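Chain by chain, the residues:
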Amino acid sequence: DPEGYVVFYMACDPYRDWGAENPEDVTCDQNGQKAIVTMHPKRWGDDPTPPERFGPSQVSDRLRQDVAETLRRLAAHVEQSEPGKAVIGYHVAGFNDGQWFQWASLYDQNLHLADYCPGAQRSFREWLSRLYSGDVEALRKAWNRPDITFETAQIPPADRYWVDGPLLDADTQQDIADHTRFYSEGIAESVLMLAGVLKQATPRRILCGTYYEDITCNSANHIALGRYLDSEALDYLAGPAAYGIRMAGYQGAVRSVFGSTLLHGKTYLTEQDWRSWHSVPDSPENNLAWGRAETAEVHNAMVRRECGMMLAFGLGTWWYDMSGGWFRDDRIMSGIAEALRAFDRDLSTEGTPRADLAVFVSEESNHYVAPKCGGQFRYDGILQQIHELNVAGVPYRLYLQSDLGRAQLPEHKAYLFLNPYYLSQTQREAISALKRDGKLLIFVHAPGVIGAP
């Protein structure tokens, strides 16, 4: 197609033997066992057999530098090639499930925390130095450790890290809160660096995006959306439609704090990877969770629901066939064509979709939830609330709480705060300024219980 464009789906994993050649930069659990992986974690503490490999540490500086150099060479090759003129961008993917999930197992009966390898320890210390602006006295005060330095700080051991919560004590557990933050921000910094390298190595404007279902997807290391939104390295984020509520008759959900994403000039693309009767069936439970349609009518109902939701939120979508032939049906393609016409019509609609309710979620608050309890807190306190809002009939928009006082938010009639455990002084002042003109403010649970430093 002479009018076609190409976006490379760029898997950024290093070659298979990289981990064996760089043993200090292989993901280790709390007991020093190395991760053995394929596209997903397989086991720990053994040696890989092809096609297995050691799971590279996603926060290792050596990994970042090696992959960055490869991407520079790739971009140069693309720019020198005739077909490269059609390349308009890169989707920066990789590692666990291609979506930058940590190599870890967070089940009590099979607990493998990550990442404790020397490369990750070095990156954590460097990150701490930046977090505390190189002020060792500030670190000592925060951690309540008069002997600590940026050279000796350690990732919290499992017997302190994986304990019952629910909320951390900032006076005695700030090191855990800091590492919970690094657990997401460290990988975000890797992705942003690689996307930035691609843009710097390309002497023309290109698009860069990545998979990133944020706090609304309940992944423990995908809670750094604010870092992505503050960066110019990425233009869009993407992720699969919410599982478990995919089938026709369910409400569906986008796994994005989409109000803040749009507020910062980026967009989000929901991945419609519906299975169809052309796919290989799995268990009834998986077929329900993954959305396996047995008829074109069911499939197209899911397409209409998801595309309608994206249009209502001001977002986009793509279709993803994992194994070939899932959408190879004229009736399915007619439903997709219908959706494309709707998106085409929406291009001429000015402004952003209406929203009466502003809903806030806090990444900072999540850092102060005991990691062992984090998944349940996010599921009950955030995901389930969104699922309910999607059947409430109330037009709403999701925001990061950190945007309060930092960005110009549209006016709303009501403001709902789902997990406001941590409130900075700036956020407190912004909330106080909302108390006017009959606006309604609702705090679900424990507002400001952590307090601001």
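Structure shown above.
Just so it is clear, the model here is predicted, and its values are computed rather than measured.

Draft legend 1. Just helix α14 (residues 425-433), in detail. Regarding α14, the residues found buried are Gln427, Ala430 and Ile431. Burial along α14 is one-sided: seen end-on, the buried residues are contained in an arc of 100 degrees. Among the structural elements, α12 (363-367), β14 (414-417) and β15 (440-443) are those in contact with the buried residues of α14.

Draft legend 2. How the structure looks around the sheet that holds β14. The four strands lie next to each other as β13-β12-β14-β15, forming an open sheet whose pairing is parallel. Looking at the sheet topology across the chains shown, the edges are occupied by β13 (396-400) and β15. Pairwise comparison of adjacent strand axes, ignoring direction, gives a mean angle of 20 degrees for this sheet. Inspection of the sheet shows β14 paired to β15 by four bridges, in the parallel sense. Its bridge partner being in β15, Ala414 is matched across the sheet by Leu440.

Draft legend 3. Inspection of the state of the cysteines at higher detail. Counting across every chain of the model gives zero disulfides. For the unlinked cysteine Cys28, the closest cysteine sulfur is that of Cys117, found at 5.6 Å. Overall, Cys28 belongs to the buried group, its relative accessible area being 8%. With no disulfide of its own, Cys217 lies closest to Cys373 among cysteine sulfurs, the gap being 19 Å. The exposure class of Cys217 is buried, given its relative accessible area of 11%.

Draft legend 4. Representation of the packing of aromatic side chains within the structure. On inspection of all chains with the given rule, the structure shows 20 aromatic pairs. Considering the side-chain rings of Phe124 and Trp127, the 6.2 Å spacing of their centres and the 15 degrees angle between planes classify their relative orientation as stacked. Placement of the pair is Phe124 and Trp127 together in helix α3 (residues 118-131), with a separation of three residues, close to one helical turn. No difference in accessibility class separates Phe124 from Trp127, as the two residues are buried. Three or more aromatic residues joined by ring pairs form one cluster here, namely Phe360, Tyr399, Tyr415, Phe417 and Phe443. Lying across the ring of Phe54, Lys34 places its NZ or CZ 5.3 Å from the centre.

Draft legend 5. Geometry of the environment of Leu409. Following the sequence through the fold, Leu409 ends up in the loop between β13 and β14. Classification of Leu409 by relative accessible area gives buried; the value is 14%. Sequence separation between Leu409 and Gly259 is 150 residues, and the spatial gap between their C-alpha atoms is 9.2 Å. Beyond its immediate chain neighbours, meaning those up to four positions away, Leu409 contacts Leu263, Phe360, Tyr399, Asp403 and Leu404.

Draft legend 6. Broad picture of the pattern of salt bridges. Evaluated as defined, the whole model comprises 34 salt bridges. Among the salt bridges present, the one from Lys372 reaches Asp164, with a minimum N-O distance of 3.1 Å. Separated by 208 residues along the polypeptide, Lys372 in helix α13 (residues 371-389) and Asp164 in the loop between α5 (158-161) and α6 (174-200) bring together distant segments of the chain. Under the relative-accessibility criterion, Asp164 is labelled exposed at 62%. Bridged by salt links that share partners, the residues Glu126, Arg130, Arg181, Glu185, Glu189 and Arg227 form one connected network.

Draft legend 7. Just the packing of helix α10 (residues 296-313) against helix α11 (residues 330-346), in detail. Put simply, α10 and α11 touch, their axes get as near as 9 Å, and they point 15 degrees apart. Looking at the two axes, α10 sits roughly parallel to α11. For the pair α10 and α11, the sense of crossing is right-handed. When α10 is examined against α11, the residues Ala296, His299, Asn300, Val303, Arg304, Cys307, Met310 and Leu311 are found in contact with a partner set consisting of Arg331, Ile332, Ser334, Gly335, Glu338, Ala339, Ala342, Phe343 and Asp346. Across the contact of α10 with α11, the residue classes tally to nine nonpolar, four polar and four charged.

Draft legend 8. Examining the packing of α3 against α6 more closely. Where α3 contacts α6, the two axes come as close as 10 Å, and the packing angle between them is 100 degrees. By the angle between their directions, the pair α3 and α6 is classed as roughly perpendicular. Residue-level contacts link Ala120, Ser123, Phe124, Trp127, Leu128, Arg130 and Leu131 of α3 to Asp178, His179, Arg181, Phe182, Glu185 and Glu189 of α6. Of the residues belonging to the contact of α3 with α6, the class tally is six nonpolar, two polar and five charged.

Rules used throughout
- Residues numbered from 1 in each chain as written.
- Predicted model: local features only at pLDDT ≥ 70, side-chain atom pairs only at ≥ 80, totals over all residues.
- Heavy atoms only, no water.
- Buried < 20%, exposed > 50% of the residue type's maximum accessible area, 1.4 Å probe, protein only.
- Helix = DSSP H or I, 4+ residues; strand = E, 2+ residues; numbered from the N terminus.
- Arc of directions from axis to C-beta.
- Contact = heavy atoms within 4.5 Å.
- Pairing = 2+ DSSP bridges.
- Axes fitted to C-alpha atoms, helices over the stretch in contact; angles between N-to-C directions.
- Disulfide = S-S within 2.5 Å.
- Phe/Tyr/Trp six-rings, centres within 6.5 Å; stacked < 30°, edge-to-face > 60°.
- Lys NZ or Arg CZ within 6 Å of the ring centre and 35° of its normal.
- Salt bridge = Lys/Arg side-chain N within 4 Å of Asp/Glu carboxyl O.
- Parallel < 35°, antiparallel > 145°, perpendicular 65-115°, else oblique.
- Left-handed = near helix turned anticlockwise from the far one by under 90°.
- Nonpolar A, V, L, I, M, F, W, Y, C, P; charged D, E, K, R; others polar.

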